[in-house]
Amino acid sequence: MGNSNINYLAEELLEIQEKGLFRQFKTIQSHSGEWITLGGNKLLNLCSNNYLGLANDPRVKEAAAAALEVYGFGATASRLVVGNYELYDQLEKEIALFKGTEGALVFNSGYAANLGVIPVLVGREDIVISDKLNHASIVDGIILSRAEHRRYKHRDLVSLENILKNCGMYRRKLIITDTVFSMDGDLAPLKEIVQLKEQYGALLMVDEAHGGGVFGSSGRGLAEAAGVSEAIDINMGTLSKAFGGAGAYVAGSRVLIDYLRNKSRTLIYTTALPPAVIGGLLAALRIIRDEPWRRERVLTKAAILRKALKEKGFNTLDSQSQIIPILIGPVQKTLEFSHRLYEENLLVSAIRPPTVPVNTARLRVTLMATVRDDDLEMALTKLVQVGRQLRII
Ligand SMILES: Cc1ncc(COP(=O)(O)O)c(C=O)c1O
């Protein structure tokens, strides 16, 4: 049956399976935010990016339903054709106000934004200098741009400066960094990166996927918390994590936004997001703006859990955010840890290579503002119990 020429895929899959790296979907039966039902079991969800609990907020759901009613199910076309209903303009206006920029542009996902923006900013004659642990979508955007791609050691300013010192031959230099690193939960040294970008005349793009809505006194992201918002040339952030929906934005100068609207292929050649998503996002943005307790609470809960995990002997790397890795190392042991927690009704995902470097497989705990303290205490007890059984601590 089928084409035997494709059998090389089966061989490769077998290899992936033998290394414990085979990936499968988990199928969710129901989902209330903090708790989730999987395979008939109700589990405390410690691996969601729904940091502020907005994916299930009744106001967000209501706004999404209202937009569905008014505009219908699908956008039916690219935004440059007939997919640009007025909610889109409203959302972009409010994102620009929120970020304090001249303009903003919404993309269909964070992945699409990074793929669509980076190749528009730089090309063959340019260089992109990127943190070694930047998200895969940034790496793919850089590859697509055909610019020279140099990676500096993770959060290492000496390594970054060494590259900057030696790139005089390139037309443009673009530095890119995640603000909150997705698999380590640590923070980019933005203040110092801004100093270097100014000293060497580079552009700076930040990805606030995990910083937006959570960091900064008004929730703009880590750049706000670091006091450097104004110095960022290209502000990218997702609408799929703290915002609880889907999509991403790029915020910046009017020129940048006009240019992207004209040139970005992942914006031009794709159908716009469904109206319900945009309606829900508008409500989510207003909640983020008006309810600072959510970001304060998620960071406080994370700090308490991280401290307790460290005291018990777990290695949480340099996490300083709502993302708390628990470093294990070997893949099989990490999978076993995650599996035993599952049996204890705790959902904590095992993160394996190639998502993280070889020998650094880990559990990745992410918190929500709305998780109950007694549930978190129960989670800590179980993490310690299983961690001891597996001799991790
Ligand atoms: C840093 C970073 N950038 C971009 C993305 C992609 O965002 P999205 O899931 O909206 O495509 C992610 C999320 O997975 C991320 O962690």
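Residues numbered from 1 in each chain as written. Predicted model: local features only at pLDDT ≥ 70, side-chain atom pairs only at ≥ 80, totals over all residues.

**Describing the domain arrangement of the chain**
Stage number 1. In terms of domains, the chain is made up of domain 1 (30–51 + 292–389) and domain 2 (57–290).
Stage number 2. Look at where the C-alpha atoms of domain 1 and domain 2 centre, and you get two points 27 Å apart.
Stage number 3. At the interface, 20 residues of domain 1 touch 15 residues of domain 2.
Stage number 4. For the side of domain 1 that touches domain 2, the secondary-structure elements that each account for two or more residues are α12 (293–311) and β11 (323–329). (Domains from an automatic or database assignment. Contact = placed C-beta atoms within 7 Å. Helix = DSSP H or I, 4+ residues; strand = E, 2+ residues; numbered from the N terminus.)

**So, the sheet that holds strand β6 (residues 148–152)**
By way of backbone hydrogen bonds, the strands of a sheet pair with one another, either parallel or antiparallel.
Stage number 1. In spatial order, the strands read β4-β10-β9-β8-β7-β5-β6; together these seven strands make up an open sheet with mixed pairing. In the strand order of this sheet, the two ends are held by β4 (103–107) and β6, each with one partner. The sheet shows a mean angle of 20° between the axes of neighbouring strands, direction not considered.
Stage number 2. Bridge analysis of β4 against strand β10 (residues 248–252) gives five bridges, and the strand direction is antiparallel. Along β10, the bridge assignment pairs alanine 104 with alanine 251. (Pairing = 2+ DSSP bridges. Axes fitted to C-alpha atoms, helices over the stretch in contact; angles between N-to-C directions.)

**Remarks on the nonpolar core**
Stage number 1. Ranked by size, the top nonpolar core spans 109 residues in total, and within it Val117, Val128, Tyr249, Val250, Ile278, Leu281 and Ala284 carry the most contacts.
Stage number 2. Considering every element that reaches this core, the biggest residue donor is helix α11 (residues 275–290), with ten residues.
Stage number 3. Split by domain, this core shows at least three residues from each of two domains, domain 1 (30–51 + 292–389) and domain 2 (57–290).
Stage number 4. Beyond its immediate sequence surroundings of up to four residues, valine 250 is in contact with Ala104, Leu105, Phe107, Ala113, Val117, Ile234, Asn235, Met236 and Leu260. (Core = buried A, V, L, I, M, F, W, Y, C linked by C-beta atoms within 7 Å. Buried ≥ 20, exposed ≤ 12 C-beta atoms within 10 Å, placed from the backbone.)

**Points about the pairing of strand β7 (residues 173–178)**
Each regular strand shows side chains that alternate between the opposite faces of the sheet.
Stage number 1. Of all six residues that make up β7, six are buried, and the element is covered over most of its length.
Stage number 2. Side chains Lys173, Ile175 and Thr177 of β7 all project onto a buried face; the interleaved residues Leu174, Ile176 and Asp178 project onto the opposite face, where all are buried too.
Stage number 3. Here strand β5 (residues 127–131) pairs with β7 via four bridges, running parallel. By the bridge assignment, valine 128 is partnered in β7 with leucine 174.
Stage number 4. With five bridges joining them, β7 and strand β8 (residues 203–207) adopt parallel strand pairing. Looking across to β8, one finds that aspartate 178 is bridged to aspartate 207.
Stage number 5. Where the polypeptide runs from β7 across helix α7 (residues 190–200) and back to β8, its parallel neighbour, the crossover connection is right-handed. (Right-handed = clockwise from strand over helix to strand, strands pointing away.)

**Describing the environment of glycine 227**
Stage number 1. Looking at the secondary structure, you find glycine 227 in the loop between α8 (222–225) and β9 (234–238).
Stage number 2. In this structure, the C-alpha to C-alpha distance between glycine 227 and asparagine 359, residues 132 residues apart in sequence, is 36 Å.

**Quick look at the pairing of β11**
Stage number 1. Taken across its seven residues, β11 has five buried, putting it largely inside the fold.
Stage number 2. In terms of strand pairing, β11 meets strand β14 (residues 361–366) through six bridges, oriented antiparallel. When the bridges of β14 are listed, glycine 329 appears paired with alanine 361.

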